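One-letter residues, chain by chain:
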Amino acid sequence: QVTLKESGPGILQPSQTLSLTCTLSGFSLRTYGMGVGWIRQPSGKVLEWLANIYWDDDSAYNPSLKSRLSISMDTSNNQAFLQITNVDTADTATYYCARMNRQLGYHFDDWGQGVMVTVSS
Amino acid sequence: DVQMTQSPYNLAASPGESVSINCKASKSISKYLAWYQQKPGNANKLLIYDGSTLHSGIPSRFGGSRSGTDFTLTIKSLEPEDFGLYYCQQHNEYPFTFGSGTKLEIK
């Protein structure tokens, strides 16, 4: 059974760096074509794709946030990570990680439950 | 970026009825559109990808179609568990973009 679970700090202050972890089970990030994406959703608002990382360490970023984003992975522990630097209140959202297989298309087959992040002074 | 215009914003229907939700892309995305269901307490669920391909385990009452840059999700014979939020996503090009969502409520 495929599962993804996000974890994060819960609350942080403006200008800090947000670090998120996605722990994967039921599949391996070493599998050919596999990828993990990060998507966020402010309360009551639209889903926003942030970044993807793939089995071969290829990555892609949303240009609107690219200067602040860094995506990485640890295949030994089957985890993916996202960092967002210099956060402000506009980064308050639920953050999701989701799985895709690039060989089959860029749709997200499985999602985590999401983790809420609040940026507040 | 590809803008996804989703309609309607709200939709009320009764169990057993059929409904349609629409997404229009601002430019060609070929067939590459996915539909997701979002419900409180549950992980988002992929329903359809490539415009009309039913994801594994999704009931056949869900269907997708395409006409140019217009895409439609149709749910036939609504079941109580179908009520929730629905989003479209273009998966043709970076950055991936989502529609604004449709809230399907029980009438």
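Residues numbered from 1 in each chain as written. Chains lettered and ligands numbered in written order. Predicted model: local features only at pLDDT ≥ 70, side-chain atom pairs only at ≥ 80, totals over all residues. Heavy atoms only, no water.

### Overview of the overall build of chain A
Along chain A, the regular secondary structure elements total zero helices and 11 strands. When the elements of chain A are put in sequence order from the N terminus, they spell out β-β-β-β-β-β-β-β-β-β-β. For 121 residues, the compact-globule estimate of 2.2 N^0.38 gives 14 Å, and chain A sits close to it at 14 Å. Counting only C-alpha atoms, chain A reaches 40 × 25 × 25 Å along its principal axes. (Helix = DSSP H or I, 4+ residues; strand = E, 2+ residues; numbered from the N terminus. Rg over C-alpha atoms; globule rule 2.2 N^0.38 Å.)

### Brief notes about the pattern of salt bridges
Counted according to the given criterion, the structure contains 11 salt bridges over all chains. Linking Arg68(A) and Asp91(A) is a salt bridge whose minimum nitrogen-to-oxygen distance equals 2.5 Å. Of the two residues, Arg68(A) is situated in the loop between β6 (59–61) and β7 (69–74) and Asp91(A) in the loop between β8 (79–84) and β9 (93–101); the sequence distance between them amounts to 23 residues. The exposure class of Asp91(A) is buried, given its relative accessible area of 1%. For Asp70(B), the salt bridge is made with Lys24(B), and the minimal N-O distance between the two is 3.4 Å. With a gap of 46 residues between them, Asp70(B) in strand β8 (residues 70–75) and Lys24(B) in strand β3 (residues 19–25) connect regions that are remote in the sequence. By relative accessible area, which is 39% here, Lys24(B) ends up partly exposed. Each member of the salt-bridge network shares a partner with another, and the members are Arg40(A), Glu48(A), Arg68(A) and Asp91(A). (Salt bridge = Lys/Arg side-chain N within 4 Å of Asp/Glu carboxyl O. Buried < 20%, exposed > 50% of the residue type's maximum accessible area, 1.4 Å probe, protein only.)

### Looking at the layout of surface pockets
Reported here for the largest pocket is a volume of approximately 600 Å³. Lining of the largest pocket is provided by 29 residues; of these, Gln41(A), Pro42(A), Ser43(A), Gly44(A) and Gln38(B) occupy positions nearest its centre. Here the lining of the largest pocket takes four residues from strand β11 (residues 115–119) of chain A, the largest share from any one element. Class assignment of the residues belonging to the lining of the largest pocket gives a composition of 11 nonpolar, 15 polar and three charged. (1 Å grid on protein atoms, 1.4 Å probe; cavity = no way out; pocket = protein on both sides within 12 Å on 5 of 7 lines; lining within 4 Å. Points joined across faces, edges and corners; volume = space filled by probe spheres on them. Nonpolar A, V, L, I, M, F, W, Y, C, P; charged D, E, K, R; others polar.)

### As for the interface of chain A and chain B
Taken together, the contact pairs 21 residues of chain A with 19 residues of chain B. Here chain A packs against chain B, burying approximately 1700 Å² in sum over the two surfaces, 60% of which is carbon and sulfur. Between chain A and chain B we count six residue pairs in polar contact (both at pLDDT 80 or more) in total. Elements that contribute at least two residues to the side of chain A that touches chain B include exactly β4 (34–41), β5 (48–54), β9 and β10 (105–111) of chain A. In the side of chain A that touches chain B, the residues fall into 12 nonpolar, six polar and three charged. (Contact = heavy atoms within 4.5 Å. Buried area = accessible area lost by both parts, 1.4 Å probe. Polar contact = N/O pair within 3.5 Å; in protein donor to acceptor, adjacent residues only side chain to side chain.)

Such coordinate-based values are descriptive only and should not be taken to indicate function.
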